[in-house]
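Next come the chains, spelled out residue by residue.
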Amino acid sequence: MKLNAYLLPLMAALLLAACANETPDEPPVEDPPIVDPDPEEPQPDDPEPEEPEPEEPLPDDNFLMDDEGRVFSYVPAGDLLPASGPGHADTTIYQPDIVFPLEDAAFLNSQVYRYGGSQGSLNGMNGGQCHADNYNYPWQDTFCESRSRSQIMCPDGGHEGVDIRAATCIPDSGAEHWAVAVDNGRIVGLEGSKYTVKLQTDDGSLYRYMHLKMDELAVNDGDLVVKGQRIGKVSNDFFNSSGERVPTTYHMHFEMYQNYAPDEESEPIFDQVNPYMSLVNAYEKKLRAK
Ligand SMILES: [Zn+2]
């Protein structure tokens, strides 16, 4: 081996040094290499929650501010909280002309993996839903956030909408925050609906607003509504599959469906899309118009 050609003189030199000196230096001993456990194998005993990556808000050249003087920012589409699922990085603004679905300031972020959510501790966010950090920018996408139920749009199942907190945390503030029609259209399918209001627009798009205060809606089934018209108040109405009322956090879940036909002969189908960038666009327009 070639190595010996180098090692032997070195060892000889060390030996000489040892003979010439009563207290020779120890030759350097290399640490044994650390054997890496299978990197694919999760380490179940690790009690440390993963530290959330610092979010990098997108620069906003206009420094758009809301009524409270807070500068609006958002993290990119598909960039979800750690441990909250794969997301779906869809930067398409499907509906550039809609208005934002809430009248006041609003905060898009997770209801499950943040303060007040059942999985908040995974991100070190222990505390109630009214924690101030839930009511601040940057916004964060929650489309395809991990959920136990299977939903076809997201790989391995997930959340097929985005969650929007109102301007203030209602249990603390007692304030009313109104949801409005994002476009001209008709309220449909309200009969028997427990926590969902649907808005069908002229271009065949469908929007679903969930968890509004259902016994105080401002619309009835079949009503024609105009863009910006009040529909209902942000609340926490929710029911489990057995029909029992199980309140969720105070927020509005919002879904967007495009009416899509692959060719002229085919019946159109409702294709659910990520509304995140359409909402960013609508919110920026709203703040610019102030
Ligand atoms: Zn939701």
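What counts, and at which threshold
- Residues numbered from 1 in each chain as written.
- Predicted model: local features only at pLDDT ≥ 70, side-chain atom pairs only at ≥ 80, totals over all residues.
- Heavy atoms only, no water.
- Salt bridge = Lys/Arg side-chain N within 4 Å of Asp/Glu carboxyl O.
- Buried < 20%, exposed > 50% of the residue type's maximum accessible area, 1.4 Å probe, protein only.
- Helix = DSSP H or I, 4+ residues; strand = E, 2+ residues; numbered from the N terminus.
- Donors = N, O, S within 2.8 Å, 3.2 Å for Na, K, Ca; no water.
- Patch = residues over 30% accessible without salt bridge, like charges linked within 9 Å, V, L, I, M, F, W, Y side chains within 5 Å.
- Areas by Shrake-Rupley, 256 points an atom, 1.4 Å probe, with all protein chains shown as cover.
- Phe/Tyr/Trp six-rings, centres within 6.5 Å; stacked < 30°, edge-to-face > 60°.
- Lys NZ or Arg CZ within 6 Å of the ring centre and 35° of its normal.
- Disulfide = S-S within 2.5 Å.
- Expected span 1.5 Å × (residues − 1).
- Contact = heavy atoms within 4.5 Å.
- Core = buried A, V, L, I, M, F, W, Y, C linked by side-chain atoms within 4.5 Å.
- Polar contact = N/O pair within 3.5 Å; in protein donor to acceptor, adjacent residues only side chain to side chain.

*Asks:* Describe the pattern of salt bridges, and please don't skip the residues or the numbers.
*Replies:* Considering all chains together, one arrives at 10 salt bridges under this definition. Notably, a salt bridge pairs aspartate 66 with arginine 70, separated by 2.9 Å at the nearest N-O pair. Taking the relative accessible area as the measure of exposure, aspartate 66 reaches 3% and is therefore buried. In this structure arginine 70 comes out as partly exposed when scored by relative accessible area, which is 22%. With a shortest N-O distance of 2.8 Å, arginine 208 and glutamate 255 are connected by a salt bridge. On the criterion of sequence distance, the pair formed by arginine 208 in strand β6 (residues 206-210) and glutamate 255 in strand β9 (residues 252-260) is long-range, its members being 47 residues apart.

*Asks:* Hey, could you go over the coordination of the zinc ion for me, with residue numbers and the actual values?
*Replies:* Every protein donor of the zinc ion is accounted for by His159 (NE2), Asp163 (OD) and His253 (ND1), and the metal-donor separations fall at 2.0 to 2.1 Å. Taken in sequence order, the residues that donate to the zinc ion follow the motif H-x3-D-x89-H. Of this pair, histidine 159 sits in the loop between β1 (107-108) and β2 (162-165) while histidine 253 sits in strand β9, placing them 94 residues apart in sequence. Across the pair, exposure class does not vary: histidine 159 and histidine 253 are buried alike.

*Asks:* Explain a nonpolar patch on the surface to me, and be specific about the residues and the numbers.
*Replies:* A grouping of Phe63, Met65 and Val71 is seen on the molecular surface, where their side chains present a nonpolar patch of about 300 Å² in accessible area. Relative to the helices and strands, phenylalanine 63 is located in the loop between α1 (2-20) and β1. The exposure class of phenylalanine 63 is exposed, given its relative accessible area of 57%.

*Asks:* Quick rundown of the packing of aromatic side chains? Include the residues and the values.
*Replies:* Tallied over the entire structure, the rule returns 14 aromatic pairs. Their ring planes at 55 degrees and their centres at 5.0 Å tell us that phenylalanine 107 and tyrosine 137 sit as a pair that is tilted. A residue pair is termed long-range when its members are at least 10 positions apart, and phenylalanine 107 in strand β1 and tyrosine 137 in the loop between β1 and β2 qualify at 30 residues. Joined through ring pairs, the aromatic side chains of Phe72, Tyr74, Phe100, Phe107, Tyr135, Tyr137, Trp139, Tyr276 and Tyr283 make up one cluster. Of note, lysine 194 hangs over the ring of phenylalanine 239, and the distance from its end group to the ring centre comes to 5.8 Å.

*Asks:* Would you mind going over unusual backbone geometry in detail, with residue names and values included?
*Replies:* At the junction of tyrosine 137 and proline 138, the peptide bond is cis and its omega measures out at 0 degrees in the coordinates. Mapped onto the elements of the fold, proline 138 is located in the loop between β1 and β2. Phi is positive for alanine 83, which is not a glycine, with a value near 65 degrees. By the element assignment, alanine 83 lies in the loop between α1 and β1. One non-glycine residue with positive phi stands out, namely cysteine 144, at about 65 degrees.

*Asks:* How would you sum up the state of the cysteines? Please name residues and give values.
*Replies:* For the structure on display, the rule yields two disulfides. Here cysteine 130 is linked by a disulfide to cysteine 169, with a sulfur-sulfur distance of 2.0 Å. Handedness of the cysteine 130-cysteine 169 disulfide follows from its S-S torsion of about -70 degrees: it is left-handed. Note that cysteine 130 is positioned in the loop between β1 and β2 and cysteine 169 in the loop between β2 and α2 (170-173), a separation of 39 residues in sequence. With a sulfur-sulfur separation of 2.1 Å, cysteine 144 is cross-linked through a disulfide to cysteine 154.

*Asks:* Tell me what's going on with helix α3 (residues 276-288), and back it up with residues and numbers.
*Replies:* With 13 residues, α3 should cover 18 Å at 1.5 Å per step; its first-to-last C-alpha distance of 18 Å lies within 8% of that length. Along α3, 10 of the 13 residues are buried, which leaves the element largely enclosed by surrounding structure. Burial in α3 covers these residues: Tyr276, Met277, Ser278, Leu279, Val280, Asn281, Ala282, Tyr283, Glu284 and Leu287. The inward-facing, buried residues of α3 abut β1, β2 and β9.

*Asks:* Just give me the short version of the environment of valine 273, but keep the residues and values in it.
*Replies:* Its location among the elements puts valine 273 in strand β10 (residues 269-273). Taking the C-alpha atoms as reference, valine 273 lies 10.0 Å from isoleucine 93; in sequence the two are 180 residues apart.

*Asks:* Account for the nonpolar core, naming residues and giving values.
*Replies:* Ranked by internal contacts, the top residues of the largest apolar core, which has 51 residues, are Phe100, Trp139, Ile164, Tyr209, Phe254, Tyr276 and Leu279. Those elements giving two or more residues to this core turn out to be β1, β2, β5 (196-201), β6, β9 and α3. One finds Leu81, Val112, Tyr115 and Met125 within the second-largest nonpolar core, a separate group that totals five residues.

*Asks:* Describe the side chain of histidine 159, listing the residues and the values that go with them.
*Replies:* On the basis of relative accessible area, histidine 159 is assigned to the buried category, the value being 1%. Here the side chain of histidine 159 touches aspartate 163 through a polar contact of 3.2 Å, side chain to side chain. Once you skip the residues sitting within four places of it in the chain, histidine 159 turns out to touch Thr142, Phe143, Cys144, Glu145, Arg147, Cys154 and His253.

That's the geometry; what it means functionally is another story.
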